[in-house]
Amino acid sequence: ITKMNKITFSTLLSLLIASCEYDNHTHSSEKSIVADNSIKANLPADFISQESLGEAISVLEARKRNEADQLLVIQGFIGGMVEPFTQSRALFVLGDESIKTCDKIPGDHCPTPWDACCEDRKKLIDGSITVRLVDNQGQILQGTLKNVMGIEAGKIIKVECIVDSQSMPSSMVVNAKRIELL
């Protein structure tokens, strides 16, 4: 495993665990890992698909197909933690739609419903993957994807991607080719 992938995995796992440890509804802007004034990633013009990416599989199904270099179209929601984006790299966490988010709980007025803070931690970890945008050399693009071209926390998307060669059973990593916003 490359040093960059170890760092990516460790960072996202730490963020997910820390996110789950927040008190259920006491999320404040001070706890946000990504500032609103972060430098935005420069995306290719055709990265957000204006046409359907076609039939998609769930995040849970994708994890069963976690084989390097496999092309997949996966549908899920951006979330599973308070801040599913990183500040300086073009990556985010994609959660399986079976994960119960706070907005699906009657009477729950959580300001960050995509974090699924009421869900079991193991279900969150097992139902999440890391989606990255890489350049031609396999390096993660600089800048955040947060609020770039309609990409935002809680959004349901389809992502056409290739399973990264360093993806592991415990931490699936895919490299996005295109995204369809649903």
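Summarised in this report is the structure supplied together with it. (Residues numbered from 1 in each chain as written. Predicted model: local features only at pLDDT ≥ 70, side-chain atom pairs only at ≥ 80, totals over all residues. Heavy atoms only, no water.)

**What about the overall build of the protein?**
Then, in step 1: Summing up its helical and strand segments, the protein has three helices and six strands in all.
Then, in step 2: Beginning at the N terminus, the succession of helices and strands in the protein can be written as α-β-α-β-β-α-β-β-β.
Then, in step 3: Here the protein holds 182 residues, and 48% of them are scored as buried.
Then, in step 4: Residue pairs at least 24 apart in sequence account for 73% of intrachain contacts in the protein once pairs closer than 6 positions are excluded. (Helix = DSSP H or I, 4+ residues; strand = E, 2+ residues; numbered from the N terminus. Buried < 20%, exposed > 50% of the residue type's maximum accessible area, 1.4 Å probe, protein only. Contact = heavy atoms within 4.5 Å.)

**As for the pattern of salt bridges**
Then, in step 1: Evaluation of the coordinates by the stated rule reveals eight salt bridges.
Then, in step 2: The partner of Arg132 in a salt bridge is Asp164, and the shortest N-O contact between them spans 2.7 Å. Of this pair, Arg132 sits in strand β4 (residues 128-132) while Asp164 is found in the loop between β5 (156-163) and β6 (173-181), placing the two residues 32 residues apart along the sequence.
Then, in step 3: Taking relative accessible area as the criterion, Arg132 reaches 3% and is therefore assigned buried.
Then, in step 4: A salt bridge links Glu160 to Arg178; the nearest nitrogen and oxygen atoms lie 3.0 Å apart. In this pair, Glu160 is assigned in strand β5 and Arg178 in strand β6, connecting sequence segments 18 residues apart.
Then, in step 5: The class for Arg178 is partly exposed, based on a relative accessible area of 23%.
Then, in step 6: Counted as one network, the salt bridges with shared partners bring together Glu51, Glu160 and Arg178. (Salt bridge = Lys/Arg side-chain N within 4 Å of Asp/Glu carboxyl O.)

**With respect to the packing of aromatic side chains**
Then, in step 1: Evaluated as defined, the whole model comprises one aromatic pair.
Then, in step 2: Their ring planes at 55° and their centres at 6.0 Å tell us that Phe85 and Phe92 sit as a pair that is tilted.
Then, in step 3: Judged by relative accessible area, which is 1%, Phe85 ranks as buried. (Phe/Tyr/Trp six-rings, centres within 6.5 Å; stacked < 30°, edge-to-face > 60°.)

**Brief notes about the nonpolar core**
Then, in step 1: Ile74, Phe92, Leu94, Ile151 and Val159 are the most contacted members of the largest nonpolar core, which totals 29 residues.
Then, in step 2: Residue assignment for this core shows that the elements contributing at least two residues are α2 (59-64), β2 (71-78), β3 (91-95), β4, β5 and β6.
Then, in step 3: No other element matches the four residues that β5 contributes to this core.
Then, in step 4: Here Ile74 is in contact with Ala56, Ile57, Ser58, Val59, Ala62, Leu94, Ile129, Ile157, Lys158, Val159, Cys161 and Val174, once residues within four sequence places are set aside. (Core = buried A, V, L, I, M, F, W, Y, C linked by side-chain atoms within 4.5 Å.)

**Observations concerning unusual backbone geometry**
Then, in step 1: The phi angle at Asp69 is positive, at roughly 70°, despite the residue not being glycine.
Then, in step 2: Taking relative accessible area as the criterion, Asp69 reaches 57% and is therefore assigned exposed.
Then, in step 3: Residue Met149 is not a glycine yet carries a positive backbone phi of 55°.
Then, in step 4: Relative to the assigned elements, Met149 resides in the loop between β4 and β5.

In short, shape yes, function no, at least from these values alone.
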